[in-house]
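Structural overview
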Amino acid sequence: MGLALPTERHYPMHTYRIDPGKKVNLDDFDPAETRYAPGGKENAEQSLLQLNRQLEALQESLYAEHKHRVLVVLQGMDTSGKDGVIRRVFEGVNPQGVRVASFKVPTPVELDHDYLWRVHQQTPARGEIVIFNRSHYEDVLVVRVHSLVPEAVWKKRYEQINAFERLLTDEGTTILKFFLHIDPQEQKERLLERLEKPEKNWKFNAGDLKERALWKEYMKAYEDVLEKTSTPWAPWYVVPANKKWYRDLVISTLLVETLQNLEIRLPAPFSAQEIAEFRRQLSQEDRSG
Ligand code: ADP
């Protein structure tokens with residue numbers, strides 16, 4: 001079978017899933033580990049290629065079946081690799097059925113609505129995969145760290161988010177949430193690289209330094225997110241993301257496995273009779289043309 005996943009056995013990436021309600025201390029998670037790929041980057045390249053092909057085929061079936069909706073949420077500190085995942089993991093996948101929604105500082109119109117208003121508009125339609133580059137989780141992360149709303153307001157949001165995601169899954173959306181976990185040293189190196197390479201300067205944002213200074217506060221906010229909003233219907237995965245290739249391997253594996261579990265079926269093929277009839281019509285067209 002073209003879509004079988006021989007690598008599955010070797011890559012138990014589901015172990016990065018956070019159990020609902022589990023107390024999370026991010027210090028217990030090593031962002032640099034590569035435990036399920038002992039062969040290192042070179043060995044993983046082949047698997048990554050294979051997973052990418054599988055994702056391509058699965059996405060085409062998903063689009064053709066026009067039944068399931070898939071939502072991938074990417075969160076992480078600046079430079080954690082959200083853009084890299086979108087570029088690498090989804091490389092070669094038909095852009096017709098994949099959409100990226102990036103959530104920036106809300107516009108005045110967005111701020112005039114509830115925080116989920118702009119988010120719900122971007123959720124996937126049938127047959128579609130949507131990647132959230134940042135998401136509604138910013139409303140309990142940056143909003144909390146910078147006290148943009150009172151604590152009494154953001155504290156209620158975990159439950160609201162769980163209910164919102166429950167609604168989406170009840171209605172046929174599959175949700176996967178990835179926290180790209182890097183450490184401050186890795187971020188420093190990536191920021192320095194952006195400064196050193198002129199062609200990467202555009203990616204450097206002075207504001208990133210201010211957020212970097214709030215690292216501890218952000219980790220506390222992420223720990224609460226992981227603890228309170230990893231649910232059976234919309235699980236969080238803590239992805240070791242210091243090594244870009246390993247980050248991609250974890251996410252690709254989980255995506256492919258999840259899509260395989262949907263048991264996507266292509267629409268029934270035409271019967272021999274239907275094909276004969278269509279052929280007849282086409283040949284008639286030749287004669288009359
Ligand atoms: P990115 O860092 O994602 O590549 P930007 O540099 O434009 O893109 O950053 C987007 C910024 O928007 C981030 O600093 C993020 O925290 C902020 N942001 C996103 N959602 C919200 C929100 N709901 N409230 C306030 N700020 C937000």
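Residues numbered from 1 in each chain as written. Predicted model: local features only at pLDDT ≥ 70, side-chain atom pairs only at ≥ 80, totals over all residues. Heavy atoms only, no water.

A closer look at the site of the ligand
Note the following rule: Nearness is defined per residue: one heavy atom within 4 Å of the molecule or strand is enough. In protein, a polar contact requires one atom able to donate a hydrogen and another able to accept it; more generally it is a pair of N or O atoms within 3.5 Å, and residues adjacent in sequence count only if both atoms are side-chain atoms. Note on areas: these come from Shrake-Rupley sampling with a 1.4 Å probe, and a residue is covered only by the protein chains present in the view. Note on residue categories: nonpolar means Ala, Val, Leu, Ile, Met, Phe, Trp, Tyr, Cys or Pro, charged means Asp, Glu, Lys or Arg, and polar means any other residue, Gly included.
Taken together, 13 residues lie around the ligand, and Lys104, Val105, Arg134, Glu138 and Asp139 are the ones closest in. One of the side-chain N or O atoms of Arg118 is found 3.1 Å from a nitrogen atom in the ligand. Glu138 places a polar side-chain atom, nitrogen or oxygen, 2.9 Å from an oxygen atom of the ligand. Contact with the protein chains hides 75% of the accessible area of the ligand, taken as 570 Å² for the molecule alone. For the shell around the ligand, the residue count by class is 6 nonpolar, 1 polar and 6 charged.

Structural notes on the sheet that holds strand E3 (residues 129-133)
Heads up, the condition is: Any two strands are treated as partners once DSSP identifies two or more bridges connecting them. Runs of H or I in DSSP of at least four residues are treated as helices and runs of E of at least two as strands, each being numbered from the N terminus. In this analysis an axis means a line fitted to C-alpha atoms, helices contributing only their contacting stretch, and an angle means the value between N-to-C directions, from 0 to 180 degrees. Residues count as neighbours in contact if any of their non-hydrogen atoms are within 4.5 Å of one another.
One open sheet accounts for 5 strands, arranged E2-E3-E1-E4-E5; its pairing is parallel. Both edges of this open sheet fall to strand E2 (98-102) and strand E5 (236-240), since each of them pairs with a single strand only. Recorded for the sheet is a direction-independent mean angle of 20 degrees between the axes of neighbouring strands. Relative to strand E4 (residues 173-181), strand E1 (residues 69-76) runs parallel, the two being bridged by 8 bridges. Its bridge partner being in E4, Arg69 is matched across the sheet by Thr173. This element, helix H7 (residues 157-170), spans E1 and E4 of the sheet and lies at about 135 degrees to E4.

Considering the packing of aromatic side chains
Convention followed: Note on aromatic contacts: the rings of Phe and Tyr and the six-membered ring of Trp form a pair at centre separations within 6.5 Å, being stacked when their planes are under 30 degrees apart, edge-to-face when over 60 apart, and tilted otherwise. Three labels apply to residues, based on accessible area from a 1.4 Å probe with only protein chains included: buried if under 20% of the type maximum, exposed if over 50%, partly exposed otherwise in between.
For the coordinates displayed, the defined rule picks out 9 aromatic pairs. Taken together, a centroid distance of 6.4 Å and an interplanar angle of 85 degrees make the contact between Tyr16 and Tyr246 edge-to-face. Note that Tyr16 is positioned in the segment before helix H1 (40-65) and Tyr246 in helix H11 (residues 244-261), a separation of 230 residues in sequence. In terms of burial, Tyr16 and Tyr246 fall into one category: buried. With a centroid separation of 4.9 Å and an interplanar angle of 75 degrees, the aromatic rings of Phe103 and Phe132 are classed as edge-to-face. In this pair, Phe103 sits in the loop between E2 and helix H3 (108-111) while Phe132 sits in strand E3, placing the two residues 29 residues apart along the sequence. Under the relative-accessibility criterion, Phe132 is labelled buried at 0%. A network of ring pairs unites the aromatic residues Tyr16, Tyr36, Trp245 and Tyr246 as a single cluster.

A word on the nonpolar core
To keep it simple, the criterion reads: Among the buried residues, those of types Ala, Val, Leu, Ile, Met, Phe, Trp, Tyr and Cys that are joined through side-chain atoms within 4.5 Å form a nonpolar core.
Ranked by internal contacts, the top residues of the largest apolar core, which has 74 residues, are Met13, Phe178, Tyr246 and Leu249. Among the elements that line this core, the one with the most residues is H11, at 9 residues. Each residue touching Phe178, except ones within four places of it in the same chain, is listed here: Val72, Val73, Leu74, Gln75, Trp236, Tyr237, Val239, Ile251 and Leu254.

As for the pairing of E4
Across the 9 residues that make up E4, a large majority, 9, are buried. Residues Thr173, Ile175, Lys177, Phe179 and His181 point to one face of E4 and Thr174, Leu176, Phe178 and Leu180 to the other, with burial holding for every one of them. As paired strands, E4 and E5 are joined by 5 bridges and run parallel to one another. Bridge assignment links Lys177 to a residue of E5, and that residue is Trp236.

Examining the packing of H7 against helix H10 (residues 215-229)
Put simply, the rule is: Here the word oblique covers every angle except those under 35 degrees (roughly parallel), over 145 (roughly antiparallel) and from 65 to 115 (roughly perpendicular). In this scheme the crossing of two helices becomes right-handed for a clockwise turn of the near helix relative to the far one and left-handed for an anticlockwise turn of less than a right angle.
Two elements in contact, H7 and H10, have axes separated by 10 Å at closest approach and are oriented at 50 degrees. Judged on the interaxial angle alone, H10 and H7 are oblique. As H7 packs across H10, the resulting crossing turns out to be right-handed. Where H7 abuts H10, its residues Tyr158, Asn162 and Glu165 lie against Asp224, Val225, Lys228 and Thr229. When its residues are assigned to classes, the contact of H7 with H10 shows 2 nonpolar, 2 polar and 3 charged.

Concerning the environment of Phe132
Considering only alpha carbons, one finds Phe132 and Leu226, 94 residues apart in sequence, at a separation of 17 Å. Once residues within four sequence positions are removed from consideration, Phe132 is found in contact with Leu71, Val72, Val73, Leu74, Ala101, Phe103, Val119, Gln122 and Thr123.

Remarks on the pairing of E5
Extensive coverage of E5 is indicated by the burial of 5 of its 5 residues. Burial along E5 is two-sided: the residues Trp236, Val238 and Pro240 and Tyr237 and Val239 are all buried.

Notes on the environment of Leu74
With respect to the element layout, Leu74 can be found in strand E1. Placed 196 residues apart in sequence, Leu74 and Phe270 show a C-alpha to C-alpha distance of 40 Å. If we ignore the near neighbours within four places in the chain, the residues touching Leu74 are Lys82, Val85, Ile86, Ile131, Phe132, Asn133, Arg134 and Phe178.

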